[in-house]
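# Examination of the molecular architecture
Each chain, written out:
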Amino acid sequence: MKVTVGNDGSFTFKCPGCGNWHTLNTPDNVRWNFNGDVDKPTFYPPVICEAMNAGGIICHCMVRDGMIQFLPDSSHHLAGETVELPDI
Ligand SMILES: [Zn+2]
């Protein structure tokens, strides 16, 4: 399982790039669709998170078929790379 679905319909996954948990809140803020597969998640639209965490890291990524791709403007070590989303 790579993503958890909350009772409120939000999705949470562990980000291997910035090391944070990313939660996508769909009920209040309908921006993302989820393919429903917790083992091979895909979220649309592709760009799903662009956040500044407490450490000042910019994380800009997309999730497709269980893989997470980091856009080059991310400021962490996986910028520009695509890796498998870790199991949680
Ligand atoms: Zn991240």
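Anyway, here's the lowdown on the structure attached to this text. (Residues numbered from 1 in each chain as written. Predicted model: local features only at pLDDT ≥ 70, side-chain atom pairs only at ≥ 80, totals over all residues.)

### Let's talk about the overall build of the protein
Helix and strand counts for the protein come out as zero helices and nine strands. Taken from N to C terminus, the helices and strands of the protein fall in the order β-β-β-β-β-β-β-β-β. Partitioning the contacts of the protein with sequence separation of at least 6, the portion at a separation of at least 24 is 33%. (Helix = DSSP H or I, 4+ residues; strand = E, 2+ residues; numbered from the N terminus. Contact = placed C-beta atoms within 7 Å.)

### Quick word on the pairing of strand β3 (residues 21-24)
A regular strand carries its side chains on alternate faces of the sheet. Residues His22 and Leu24 line the buried face of β3, whereas the alternating positions Trp21 and Thr23 sit on a face that is not buried. Bridge count between strand β2 (residues 11-14) and β3: four bridges; the pairing is antiparallel. In the sheet register, Lys14 faces β3, and the bridge partner there is Trp21. Between β2 and the antiparallel strand that follows it, β3, lie six residues; Gly19 among them carries a positive phi value of about 80 degrees. (Buried ≥ 20, exposed ≤ 12 C-beta atoms within 10 Å, placed from the backbone. Pairing = 2+ DSSP bridges.)

### Concerning the environment of Asp73
If you trace the backbone, Asp73 turns up in the loop between β8 (67-70) and β9 (82-84). In this structure the C-alpha to C-alpha distance between Asp73 and Ile58, which are 15 residues apart in sequence, comes to 7.7 Å.

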